[in-house]
Structures are given as C-alpha cells and as structure tokens.
Amino acid sequence: MIVCSCNVISCRQIKGTVAPDGSGPRTAGEAYDCLGCSPDCGRCAREVRTLLAEARAACATQCSSCASREIECAVQVTVERMLEGIAVVEDAAAA
C-alpha cells in the first residue's frame, strides 16, 4: 500500500528501513532520509511513525534486543553491501 503519495513510498519500504535488530530511523524524517527523499506535504508523517513503531514491535517480539544500539540506516547498509558485492565480482573478473 502506498503511504506517501508525494514520493510514492509503500509501507513495505518504510518498514524496510528498520534493521532486523530494530535499529534504524525513529522519525518520519529519518525514514525519508533512508529512502533518499524528503517529506513534501507531511500528511503521511503520522502513518510513517506508526509503521516504524510496528516494525520495531515486531523485532521486539522476535529478538528482545531491538533498538538497543544505533546503526546506520538499514537501507544504506543494504546498498553498501550490494556495492561491495559488485566490487568483488568486478575484481574477480579482472583477475
């Protein structure tokens, strides 16, 4: 379901900004930053905060250590890992 019409962001994308250990963005603005955009009209901010809370609650029931430490945005970490994987493949191809 689309949560933010201005940026066309889905609830899955919002929840995806929360890392498996429950760390990640705590505010709507931080979630927008993780997704590489910024809030426009702001009508979705309340729903974004609710989705972040739901994602954290799901982590808490699974691992009981959620949000115990701060880490980088889950989306950014995923992109960096993907880029590292591409670099490894390119290095292997060049060798």
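Note that this is a predicted model, so its numbers are computed, not measured.

Engineer: Even after reading the chapter, I still don't get the overall build of the protein chain, so can you show me in this structure?
Structural biologist: Secondary structure assignment for the protein chain yields four helices and two strands. For the protein chain, long-range pairs separated by at least 24 residues make up 65% of all intrachain contacts whose partners lie at least 6 apart in sequence. Put simply, the protein chain shows about 6,200 Å² of open surface, and 54% of that area lies on carbon and sulfur atoms.

Engineer: Help me understand the nonpolar core, please; the structure alone is not making it clear to me.
Structural biologist: Ile9, Ile14, Tyr32, Cys44, Val48 and Leu52 are the most contacted members of the largest nonpolar core, which totals 16 residues. Secondary structure elements with two or more residues in this core: strand S1 (2–4), helix H2 (28–34) and helix H3 (45–63). Take this core: its biggest share by element is six residues, from H3. Setting aside anything within four residues of it in sequence, one finds Val48 in contact with Val3, Ile14, Ala28, Ala31 and Tyr32.

Engineer: What am I meant to see in the confidence of the model for the protein chain here?
Structural biologist: Interpretation of the predicted coordinates at a detailed level should be avoided for regions scoring low in pLDDT. Summing up the model confidence of the protein chain, the mean pLDDT is 76 and the portion of residues at 70 or higher is 63%. Within the model, pLDDT remains below 50 along residues 64–73, and this stretch shows 22 contacts once partners closer than five positions in the same chain are excluded.

Engineer: It is not clear to me how the environment of Cys59 should be interpreted in this structure. Could you clarify?
Structural biologist: Inspection of the secondary structure puts Cys59 in helix H3. Sequence spacing of Cys59 and Val18 is 41 residues, and the spatial spacing of their C-alpha atoms is 9.1 Å.

Here is what the cut-offs are and how they apply
Residues numbered from 1 in each chain as written. Predicted model: local features only at pLDDT ≥ 70, side-chain atom pairs only at ≥ 80, totals over all residues. Heavy atoms only, no water. Helix = DSSP H or I, 4+ residues; strand = E, 2+ residues; numbered from the N terminus. Contact = heavy atoms within 4.5 Å. Areas by Shrake-Rupley, 256 points an atom, 1.4 Å probe, with all protein chains shown as cover. Core = buried A, V, L, I, M, F, W, Y, C linked by side-chain atoms within 4.5 Å. Buried < 20%, exposed > 50% of the residue type's maximum accessible area, 1.4 Å probe, protein only. pLDDT = per-residue confidence, 0-100.

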